[in-house]
Amino acid sequence: MKIDFQAFVDTLPIMGKGMAGIFIVTAVIILAMIALRELTKSKK
């Protein structure tokens, strides 16, 4: 089995965009959860 190093290097930008997308979506979900928690906090 031969590993094509150039093909691996060529796919790094695509993988980077995918990882950035996952990070951004996760951050948006976390921020939405924090906002909802603050908005629905019971006022004593």
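Keep in mind that what you see is a predicted model, and the values were worked out from it rather than measured.

A. The overall build of the protein, seen in detail. Across its full length, the protein carries one helix and zero strands. Based on the C-alpha atoms only, the size of the protein along its principal axes is roughly 65 × 20 × 5 Å. Looking at the 44 residues of the protein, the share that counts as buried comes to 0%. Accessible surface computed for the protein: about 4,500 Å², of which carbon and sulfur atoms make up 76%.

B. Layout of the pattern of salt bridges. Applying the stated criterion across every chain, the model contains one salt bridge. In this structure, Glu38 engages Lys41 in a salt bridge whose closest nitrogen and oxygen atoms are separated by 3.1 Å.

C. Seen up close, the packing of aromatic side chains. All chains considered together, the criterion is met by one aromatic pair. Seen in terms of ring centroids, Phe5 and Phe8 are 6.3 Å apart; in terms of plane orientation they differ by 40°. Their pairing is tilted. With a gap of three residues between them, Phe5 and Phe8 both fall in helix H1 (residues 5–39), about one helical turn apart. A residue is classified by how much of its surface remains accessible, and Phe5, at 58% relative accessible area, is exposed. Residue class for Phe8 comes out partly exposed when judged on its relative accessible area of 42%.

Rules of the game
Residues numbered from 1 in each chain as written. Predicted model: local features only at pLDDT ≥ 70, side-chain atom pairs only at ≥ 80, totals over all residues. Heavy atoms only, no water. Helix = DSSP H or I, 4+ residues; strand = E, 2+ residues; numbered from the N terminus. Buried < 20%, exposed > 50% of the residue type's maximum accessible area, 1.4 Å probe, protein only. Areas by Shrake-Rupley, 256 points an atom, 1.4 Å probe, with all protein chains shown as cover. Salt bridge = Lys/Arg side-chain N within 4 Å of Asp/Glu carboxyl O. Phe/Tyr/Trp six-rings, centres within 6.5 Å; stacked < 30°, edge-to-face > 60°.

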